[in-house]
Amino acid sequence: MYKPYSEDLSCDEVRRIELLGESAVHAYRRVISIFKSGKPGLYMLMGDYGSGKTLIVRKASAGLSSGRVVIRSLRHVNGDVDLSCSSGRVVMGYVIDNFEMFFQKPEEHVGLIRDYISISLYYPVLLVISLPLAISNINGYGDIVNAVGNIPEANKIKINLSPEETKAILSRMGIKISGITDNRIIKTPGLGIRALTSRSKGGDDSVDIIIV
C-alpha cells in the first residue's frame, strides 16, 4: 500500500526506492552537488504537488558519504522533526521542506525562516516549494520575500515529470489508472493520490478521475 507523503517513509525505504524520471534523477544529483560543494546561499527545489521533492532531498541526504544535511518541514509547525537520512556529524547544509506553507501562514513560520536565511550566509540552504503557489497576506515579511525573490536562477531546480513517468510511479505504488482520455493529462503522482483519496472508502485502489 502506498504512503501519501514521503516524510512517512523510513530511511531504509527511502534508500531502496529508485527514482523514476530524468528530471527527478537530475534534481537528485543537483541536490547532492549543492551540499558537497558547501557553497553558502539560498537554493530552491520546485515542482508540482507530489512530484517527489521530499523523497529526492531525503534520498540525497542518504547518498552523502560523509557529513549530514538537516531537513526540516514546515508541515511540522515547530520545525523540530529532522527528516534527514544522513548519518555524519559535520553539518553540510540545511533543507526547509514544504516552504510554500510560509506564504499561507507566515506568522507561524517567520522565526524559523529568518533563522535559516541567516544560516545561508555560512551554509547552503535549500527551500523546497510545491507549485502552484498560493499566497496569503505576507505584508510585513518583505525581508523574507526579497531573499526568496533574489535567489539566482542558477540556484533553482525544477522537477517536471512526463505523463508516462507519472503513470509508472503510480503503477509502482499499486494504483491502477482508468478512464484516461487523450485530452486528460496526469501531471504528478500527488494529483493521482489526491484523486484517489477523495473517493469514498472501499473498493480497489484505482483512479478514475485525474484532477489537473
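Small disclaimer: the values here were computed from a predicted structure and weren't measured.

### Section: the pairing of strand S1 (residues 41-48)
At step 1: Burial of S1 is extensive: seven of the eight residues sit out of reach of the surface.
At step 2: Pairing analysis gives eight bridges linking S1 to strand S4 (residues 124-131), with the strands arranged parallel. Residue pairing across strands places tyrosine 43 opposite leucine 126, the latter belonging to S4.
At step 3: Inspection of the sheet shows S1 paired to strand S5 (residues 156-159) by four bridges, in the parallel sense. Bridge pairing in S5 places methionine 44 opposite lysine 156.

### As for the packing of helix H5 (residues 106-119) against helix H6 (residues 142-149)
At step 1: The N-to-C vectors of H5 and H6 enclose an angle of 45°; their axes lie 11 Å apart at closest approach. Between H5 and H6, the angle is such that the two are oblique. Crossing hand, H5 versus H6: left-handed. Here H5 contributes Val110, Ile113, Arg114 and Ile117 to the contact with H6, which in turn contributes Asp143, Ile144 and Ala147.
At step 2: Broken down by class, the residue content of the contact of H5 with H6 amounts to five nonpolar, no polar and two charged.

About the cut-offs
- Residues numbered from 1 in each chain as written.
- Predicted model: local features only at pLDDT ≥ 70, side-chain atom pairs only at ≥ 80, totals over all residues.
- Heavy atoms only, no water.
- Buried < 20%, exposed > 50% of the residue type's maximum accessible area, 1.4 Å probe, protein only.
- Helix = DSSP H or I, 4+ residues; strand = E, 2+ residues; numbered from the N terminus.
- Pairing = 2+ DSSP bridges.
- Axes fitted to C-alpha atoms, helices over the stretch in contact; angles between N-to-C directions.
- Parallel < 35°, antiparallel > 145°, perpendicular 65-115°, else oblique.
- Left-handed = near helix turned anticlockwise from the far one by under 90°.
- Contact = heavy atoms within 4.5 Å.
- Nonpolar A, V, L, I, M, F, W, Y, C, P; charged D, E, K, R; others polar.

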